[in-house]
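# An overview of the molecular structure
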Amino acid sequence: MPEESLRAWAELIAACSPVLTPDVLDVGAGTGMFAVALARWAEARIVIAIDASPAMLAHADRHENVRYLTADAAALPLAGARIDLALLSRVVHHLPDRRRAGAELKRVLRPGGVAVVRTTVRERLDSIVYEYWPELRRLDAGRFPSESEIITDFSAAGLRVAGVLSFGQPVQPGLRAWRDAVQRRPQSKFGQLTGEQFRSGMERLDKAIAAAASWRPDMIAAMRPPGPPDAAALARILAAIDPALRLVSSRPLAGGVSAQVTMLEASLPDGAAQRLVVRQYGPANLRSDPHSATHEHRLLTVLRAAGLPVPHPRWSDESVRSCRSRTWSRSSSPARSAPSPVS
Ligand SMILES: C[S@@+](CC[C@H](N)C(=O)[O-])C[C@H]1O[C@@H](n2cnc3c(N)ncnc32)[C@H](O)[C@@H]1O
């Protein structure tokens, strides 16, 4: 994951913490990518990173504030712990007994402590991976729990839902880098495919990379909530550019690669086609520049006026700034909701 994406995630998760320098528990930490990110960017006092697999921990990234322990989520070796912030990233679908894991979280969280579950849910399988390996959608639908199943199990364990947010960040800088990563070290999900299915998907991806290299779209610099905009939002954007434009199709160019870029095909009454890209800025951009959309729009206008071959900025909007993510807090805490990660 690019450092910028990891940092944006760490800052979002840190924004859910009830205290500024939290004691953090990372459950199913794997090789410690998030444990170290939280130590670096969430100002964690300590991160206890546990994983059931000693092999994963043997390759874990090191940091002076991160302690690794081999343990199961259903039996946390933390007597008397008072954890402020717990993270379960890409792990709930591995847990055979989510209620037991939830009960363990409740036991080790201090009153007011927050657990953040970062996961794909069955009803929102929108990763770009399914465009190239459509067979994975059905397989993932069988692997990932639904949002309501997670909420039911964690609530039964005595945790209270503080919020459900959705948030996307690029996991690779582009399609080609993603292709190379899939080729080099395929995620475990690809192990469910036959060799033929894997090769066919690679061929589809190679064709998309070749096609992407041969066109440059017009660009709409936009700022709206993360996640693909719905048809009504897209129609509003087109109407703002040219009321005669009609939406023909849209698709995320992103998903796992960059969840905040959407390609639009639109047509004019004379049949002329237009291709446009909607860019949606994430919290990291907005924190460094709340007016990212306006500034990028201006910059592209100036560069185009100077004759440089940059995308044509058509419209920008910075009226909506929000994002959603998934958090739980202990039911015994005073009534409060997790802080909104982005104002
Ligand atoms: C997909 S990896 C996620 C790693 C890391 N959290 C991340 O987001 O990059 C899932 C991890 O969960 C661990 N895991 C699976 N079942 C577990 C359990 N019952 N208790 C603790 N860890 C578990 C696996 O060993 C693996 O390292």
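Residues numbered from 1 in each chain as written. Predicted model: local features only at pLDDT ≥ 70, side-chain atom pairs only at ≥ 80, totals over all residues.

### With respect to the overall build of the protein chain
When its secondary structure is counted, the protein chain shows twelve helices and eleven strands. The proportion of buried residues among the 343 residues of the protein chain is 38%. In the protein chain, of all internal contacts separated by at least 6 residues, the share reaching a separation of at least 24 is 69%. (Helix = DSSP H or I, 4+ residues; strand = E, 2+ residues; numbered from the N terminus. Buried ≥ 20, exposed ≤ 12 C-beta atoms within 10 Å, placed from the backbone. Contact = placed C-beta atoms within 7 Å.)

### Notes on helix α12 (residues 292-305)
The end-to-end C-alpha distance of α12 is 20 Å, a good match for the 20 Å that 14 residues give at a rise of 1.5 Å each. Within α12, burial applies to Ser292, Ala293, Glu296 and His297. Seen along its axis, α12 keeps its buried residues to an arc of 125 degrees; they face one direction. For α12, the exposed residues set more than 90 degrees away from the buried face come down to Val302 and Ala305. Remark: Gly307 follows α12 within two positions and exhibits a positive phi of approximately 90 degrees. (Expected span 1.5 Å × (residues − 1). Arc of directions from axis to C-beta.)

### Here's the deal with the site of the ligand
Around the ligand sit 16 residues in total, of which Gly28, Gly30, Ser53, Ser89 and His94 are the nearest. Of the residues belonging to the shell around the ligand, the class tally is eight nonpolar, five polar and three charged. (Near = placed C-beta within 6 Å. Nonpolar A, V, L, I, M, F, W, Y, C, P; charged D, E, K, R; others polar.)

### Side note on the environment of Leu253
Take Leu253: it is sitting in the loop between β8 (246-252) and β9 (261-267). Sequence separation between Leu253 and Gly174 is 79 residues, and the spatial gap between their C-alpha atoms is 9.9 Å. Ignoring any residue separated from it by four or fewer positions in sequence, one finds Leu253 in contact with Val261, Thr262 and Met263.

### Focus: the confidence of the model for the protein chain
Counting all residues, the mean pLDDT for the protein chain is 82, and 85% of those residues have values of 70 or more. Contacts from residues 255-259, a stretch scored under 50 in pLDDT, to residues over four places away or in other chains number 22 contacts. Below pLDDT 50 for its whole length, residues 320-343 participates in 77 contacts with residues either more than four positions away or in separate chains. (pLDDT = per-residue confidence, 0-100.)

### Details of the packing of helix α4 (residues 98-108) against helix α7 (residues 147-156)
One way to put it is that α4 packs onto α7 with a least axis distance of 7 Å and a crossing angle of 50 degrees. Considered as vectors, α4 and α7 are oriented oblique to each other. The chirality of how α4 crosses α7 is right-handed. Along the contact surface, α4 presents Arg98, Arg99 and Gly102, while α7 presents Ile150, Asp153, Phe154 and Ala156. (Axes fitted to C-alpha atoms, helices over the stretch in contact; angles between N-to-C directions. Parallel < 35°, antiparallel > 145°, perpendicular 65-115°, else oblique. Left-handed = near helix turned anticlockwise from the far one by under 90°.)

### Digging into unusual backbone geometry
Its identity is not glycine, yet Glu43 carries a phi of approximately 50 degrees, on the positive side. Relative to the helices and strands, Glu43 is located in the loop between α2 (33-41) and β2 (46-51).

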